[in-house]
Amino acid sequence: MTNFENKLKKRIKILTITGICAMIFVLIPVVFVDQETLPEWLALEFCFLTGLISAMEIMFGVYIGKTRKALGNPDKLKQLYAEEHDERKRYIRAKAGQPLLMILSGLIIFAGLILAPYDVNITYVLVMVALFQMTISVFYKLYLLRKI
């Protein structure tokens, strides 16, 4: 259990550093860039990345809070350990295709951001495709959680 505690403390440090770097990445352009003079595609990318990073910050905060709470309570630590090493949930995630699907959806979003200067509509379509893929995967995962 000591190894698991050390692993969680290391995760907290990594997430905190990543969160601070992401916050700096969002705040510097907000302060120093005039939003009204940007072209449409660049403003779209900037707003999308700001929202994406803000959502990531919120998820980091929730996970860090949950982990710190578990580190202070041995019962919750055991529960978190069991939750992370649950074979049933691993099987369901693999069956729903989530590990690979999340990577592919990220690549589709990244491709959409790269293609934004050529046509903003391509970016809209690719982001919607990625969101549709992730939504279907989540619904399938919820279905499997109830069925299995």
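The shown structure was predicted, so the numbers you read here are calculated from the model rather than taken from an experiment. (Residues numbered from 1 in each chain as written. Predicted model: local features only at pLDDT ≥ 70, side-chain atom pairs only at ≥ 80, totals over all residues. Heavy atoms only, no water.)

A. Local environment of a nonpolar patch on the surface. A cluster of nonpolar side chains, contributed by I20, I24, I28, V30, V31, F32 and V33, occupies part of the molecular surface with about 660 Å² of accessible area. With respect to the secondary-structure elements, V30 resides in helix α1 (residues 2-32). (Patch = residues over 30% accessible without salt bridge, like charges linked within 9 Å, V, L, I, M, F, W, Y side chains within 5 Å. Areas by Shrake-Rupley, 256 points an atom, 1.4 Å probe, with all protein chains shown as cover. Salt bridge = Lys/Arg side-chain N within 4 Å of Asp/Glu carboxyl O. Helix = DSSP H or I, 4+ residues; strand = E, 2+ residues; numbered from the N terminus.)

B. Representation of the packing of helix α5 (residues 98-115) against helix α6 (residues 120-147) in the model. Where α5 contacts α6, the two axes come as close as 8 Å, and the packing angle between them is 165°. Here α5 is positioned roughly antiparallel relative to α6, judged by the angle of their axes. Viewed along their axes, α5 and α6 form a crossing whose handedness is left-handed. Across the interface between the two elements, Q98, L101, M102, S105, I108, I109, A111, G112 and L115 of α5 pack against I122, T123, L126, V129, A130, Q133, M134, S137, V138 and K141 of α6. Looking at the contact of α5 with α6, its residues break down into 12 nonpolar, 6 polar and 1 charged. (Axes fitted to C-alpha atoms, helices over the stretch in contact; angles between N-to-C directions. Parallel < 35°, antiparallel > 145°, perpendicular 65-115°, else oblique. Left-handed = near helix turned anticlockwise from the far one by under 90°. Contact = heavy atoms within 4.5 Å. Nonpolar A, V, L, I, M, F, W, Y, C, P; charged D, E, K, R; others polar.)

C. Up close: the pattern of salt bridges. Counted according to the given criterion, the structure contains 2 salt bridges. Of the charged contacts, one joins E84 and R11 as a salt bridge, the two residues approaching to 2.7 Å between their closest N and O atoms. Here E84 is found in helix α3 (residues 74-84), whereas its partner R11 is found in helix α1, with 73 residues between them in sequence. For E84, a relative accessible area of 22% puts it in the partly exposed group. For R11, a relative accessible area of 23% translates into the label partly exposed. Notably, a salt bridge pairs E83 with K66, separated by 3.1 Å at the nearest N-O pair. In this pair, E83 sits in helix α3 while K66 sits in helix α2 (residues 40-72), placing the two residues 17 residues apart along the sequence. (Buried < 20%, exposed > 50% of the residue type's maximum accessible area, 1.4 Å probe, protein only.)

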